[in-house]
Amino acid sequence: MKKALIICLALASLTQAKTFDSVEFQIEGWNADSSGTFQRQGSVIDLDERGLKRKFAPSIVLDLKGASDYLNFKFGYTKIKNEGKKVLSSDMQLNGLNFDKGELQKSKLDLKIYDAIYYIDKPQKNLADFQYGLGLRYFDGSFLSQTCSRETKASFHKLIGVGYLRAEIPIPKWEKSVKWVNQAIISPTDDFYADLRTAIKVKVSKNISIESGYRYNRFETSGSYNADIKTKGLYAAISYSFKF
């Protein structure tokens, strides 16, 4: 989290007034609940059966808005960590290590998501503000299995190309300060990836906005490992923006 924050601040400090018109910095808290399946050199692990608990997931976003509609960049970072303990209902194998039925097993799912997106911003007078673009998303994760005598950790990562779409729709009667936000980050490649959110965004002052809604993230891939991991839950965010 600290490294991502330092990178975002460094990018903001390198911007120039001739290139970028404004900066928006957002901090988000996500009540993340993860489920799905994971497999690497062994059994298919059902994350729903591992007793993983919801946990606060921090996220930060740096949005650099260009002097023109066609020069905008967004950088993001999200860290998800879900842990749980549960007795195994059947034998399990991970990374060639066997875990026996009846053992109390500790599980930990650790996911980090990095974004770099270029987008076009096309605000429509009295209508929705549309953003659309392309980018890269790096998915870095691990799954740890542990008993009192054995422990193994399977790491996995993936770099994928993504499409980006965001629409901020003014709410009638409060169109100057309240917007309905819908955002999608989707992979157009063979691996399936979707990060979807819907929220209400309220401008509370000239520079500060708050946002609250629901976020759903799914990552599905196969190869050296198989994964179908879903994370969902309510989130809230606060953002600060300023012009050069």
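Criteria and thresholds
Residues numbered from 1 in each chain as written. Predicted model: local features only at pLDDT ≥ 70, side-chain atom pairs only at ≥ 80, totals over all residues. Heavy atoms only, no water. Phe/Tyr/Trp six-rings, centres within 6.5 Å; stacked < 30°, edge-to-face > 60°. Helix = DSSP H or I, 4+ residues; strand = E, 2+ residues; numbered from the N terminus. Buried < 20%, exposed > 50% of the residue type's maximum accessible area, 1.4 Å probe, protein only. Lys NZ or Arg CZ within 6 Å of the ring centre and 35° of its normal. pLDDT = per-residue confidence, 0-100. Salt bridge = Lys/Arg side-chain N within 4 Å of Asp/Glu carboxyl O.

On to the packing of aromatic side chains, then. A full pass over the atoms with the stated rule returns 13 aromatic pairs. Taken together, a centroid distance of 5.7 Å and an interplanar angle of 55° make the contact between Phe73 and Tyr118 tilted. One end of the pair, Phe73, is in strand β4 (residues 72–87); the other, Tyr118, is in strand β7 (residues 104–123), and 45 residues separate them in sequence. Aromatic pair Tyr119 and Tyr164: ring centres 5.6 Å apart, planes at 55°, arrangement tilted. Here the residue Tyr119 occupies a position in strand β7, and Tyr164 occupies one in strand β9 (residues 151–170), the gap between them amounting to 45 residues. Each member of the pair, Tyr119 as well as Tyr164, carries the same accessibility label: buried. Here the aromatic residues Phe38, Phe139, Phe143, Phe156, Tyr193, Phe219 and Tyr225 are joined through ring pairs into a cluster of three or more. One cation-aromatic arrangement involves Arg197 over Tyr235; the distance from NZ or CZ to the ring centre is 4.7 Å. We note Arg215 situated over the ring of Trp30; from NZ or CZ to the ring centre the distance is 4.3 Å.

Attention shifts here to unusual backbone geometry. Excluding glycine, most residues fall at negative phi; most peptide bonds, likewise, are trans. The backbone phi angle of Asn95 is positive, close to 55°, even though this residue is not glycine. Checked against the element boundaries, Asn95 lands in the loop between β5 (92–94) and β6 (97–99). The phi angle at Lys173 is positive, at roughly 80°, despite the residue not being glycine.

This part takes up the confidence of the model for the protein. Across the protein, pLDDT averages 87, with 90% of residues at or above 70. Mean pLDDT values over the elements of the protein span from 52, in helix α1 (residues 2–13), up to 96, in strand β10 (residues 178–186).

It is worth spelling out the pattern of salt bridges at this point. One pass over the structure, following the stated rule, counts 22 salt bridges. Lys55 serves as the salt-bridge partner of Glu83, at 3.5 Å between the closest nitrogen and oxygen. In this pair, Glu83 is assigned in strand β4 and Lys55 in strand β3 (residues 55–66), connecting sequence segments 28 residues apart. The partly exposed category is assigned to Glu83, whose relative accessible area is 25%. Here Arg150 ties to Glu103 by a salt bridge, and the two come within 2.1 Å at their closest N and O atoms. Of this pair, Arg150 sits in the loop between β8 (129–146) and β9 while Glu103 sits in the loop between β6 and β7, and the two are 47 residues apart along the sequence. Classification of Arg150 as partly exposed rests on a relative accessible area of 22%.

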